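In case you want the letters, here they are:
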Amino acid sequence: MNMIQAINSAHRVTMAADPDIVVFGEDIGYFGGVFRATEGLQREFGKTRAFDAPISENGIVATAVGMAAYGLKPVIEIQFADYIYPGYDQIVSEVAKMRYRTAGEWTMPMVIRTPYGGGIFGGQTHSQSPESLFTHIAGLKVVVPSTPHDAKGLLIAAIEDPDPVIFFEPKRIYNGPFDGHHDRPVTPWAKHADAEVPDGHYTVPLGQARVVREGAELTVLAYGTMVHVALAAVEAQGLDAEVIDLRTLVPLDIATIEKSVEKTGRCLIAQEAPRTSGFAAELAALVQERCFYHLEAPVERVTGWDTPYPHSYEWAYFPGPKRFKRALEKVMAD
């Protein structure tokens, strides 16, 4: 499966097992979503369980809050992460707070799926990476898969979780892994080991990172598309680097990070989002606090720029191979 098919399969598996699960969002019913992640769900499960919503993100989120409070399990799609801001107040003030404000009497068993990130020439309003805005809010879990196998397992785990989950899908790798070289042919998921996705039910636990490449010289922390860019970069440099796919930002698998940095003594963190106040900054602070006496060099970051995501200069913005090369050279030289 590619990542779209894996996400679709997760929907089918969970909806078949639990009649309380409903799916809705802009164009996700009859049309199957702009990326076809919900294709066929309305035909299989009916218009009361997979349906289109008006173009109103705050209305979509608010409706899901009411559904979750009354015992349903809504899985909503925000068509692009760039459109999530009108629903941000509902997410921060209601979704994230309901369990706390009711002393656990009500939970919010809901998932907000949304494609995020650049690499598709979407410009400033279809390329943003707003994950740090949600990792900052207590009460939310934040998930970012990087492979079809993980996408299905993590989405099933998110849907079955009693608490709200923001599920960011890196749209640049929907159809295949991306090494950052935009001028090369696209590699389909069919040639990748992590495209082997079981048909039935399985979960990837939230809060459990994955060491995708073992090494002893350097630890690279990444998530989403950046996992594949990082793997290509360390291979090109010939480094004995350990690459960790975080998979979930909240809860964070800090134990795996600590173990790796204590072994390597060096750390590079990658994110596609702008540099200032990004999640990479939080990771850098955690590594500094917990692994200070093991560090042999300052923690380095590879990020997007503090600008709107440009259309014509997309590949100057995207943290690609050249920026990775400079960062790797710097962290290894110190």
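Predicted, not measured: the structure shown is a model, and the values here were computed from it.

### Notes on the packing of helix α8 (residues 225–237) against helix α12 (residues 321–333)
Interhelical geometry of α8 versus α12 gives an angle of 60° and a closest axis separation of 10 Å. As summarised for this structure, α8 and α12 are arranged oblique, according to the angle between their axes. α8 and α12 meet at a crossing whose hand is right-handed. Residues Met226, Val229, Ala230, Ala233, Val234 and Gln237 of α8 lie in contact with α12, whose contacting residues are Phe324, Lys325, Leu328 and Glu329. Partitioned by chemical class, the residues of the contact of α8 with α12 number seven nonpolar, one polar and two charged.

### Brief notes about the packing of aromatic side chains
Applying the stated criterion to the full structure yields 14 aromatic pairs. Between phenylalanine 80 and tyrosine 83, the aromatic rings sit 5.5 Å apart at their centres with planes inclined by 65°, giving edge-to-face as the arrangement. Phenylalanine 80 sits in the buried class, given a relative accessible area of 8%. When the centroid spacing of 4.2 Å and the interplanar angle of 40° are considered together, the rings of tyrosine 309 and tyrosine 317 count as tilted. The residues tyrosine 309 and tyrosine 317 share a single accessibility class, namely buried. Across the ring face of phenylalanine 178, the terminal group of arginine 172 is positioned such that the distance to the ring centre comes to 3.7 Å. Across the ring face of tryptophan 305, the terminal group of arginine 323 is positioned such that the distance to the ring centre comes to 4.0 Å.

Here is what the cut-offs are and how they apply
- Residue positions are given per chain, counting from 1 as you read along its sequence in written order.
- Predicted model: local features are reported for residues with pLDDT of at least 70 only, side-chain atom pairs are reported and counted for 80 or more only, and whole-chain, interface and lining totals are derived from all residues.
- Side-chain numbers come from the whole structure's heavy atoms, not from hydrogens or water.
- Fitted lines through C-alpha atoms serve as axes, helices being fitted only where they are in contact, and the angles separating the N-to-C directions of these axes extend from 0 to 180 degrees.
- Helix and strand definitions here come from DSSP, where helices need a minimum of 4 consecutive H or I residues and strands a minimum of 2 consecutive E residues; each element is numbered from the N-terminal end.
- Each angle receives one of four descriptions, namely roughly parallel if under 35 degrees, roughly antiparallel if over 145, roughly perpendicular if within 65 to 115, and oblique otherwise.
- Helix crossings are classified by the rotation of the near helix relative to the far one: an anticlockwise turn of less than a right angle makes the crossing left-handed, while a clockwise turn makes it right-handed.
- What makes two residues a contact is simply this: any of their non-hydrogen atoms within 4.5 Å.
- Basically, the charged four are Asp, Glu, Lys and Arg, the nonpolar ten are Ala, Val, Leu, Ile, Met, Phe, Trp, Tyr, Cys and Pro, and anything else, Gly included, counts as polar.
- Classification of ring pairs uses Phe, Tyr and Trp, with its six-membered ring standing for Trp, and accepts pairs whose centres are within 6.5 Å; under 30 degrees between planes counts as stacked, over 60 as edge-to-face, and the remaining range as tilted.
- Burial classes: relative accessible area under 20% of the type maximum marks a residue as buried, over 50% as exposed, and values in between as partly exposed (1.4 Å probe, protein chains only).
- Any Lys NZ or Arg CZ that is within 6 Å of a ring centre and within 35 degrees of that ring's normal is treated as a charge sitting over the ring.

Keep in mind these values describe shape, not function.
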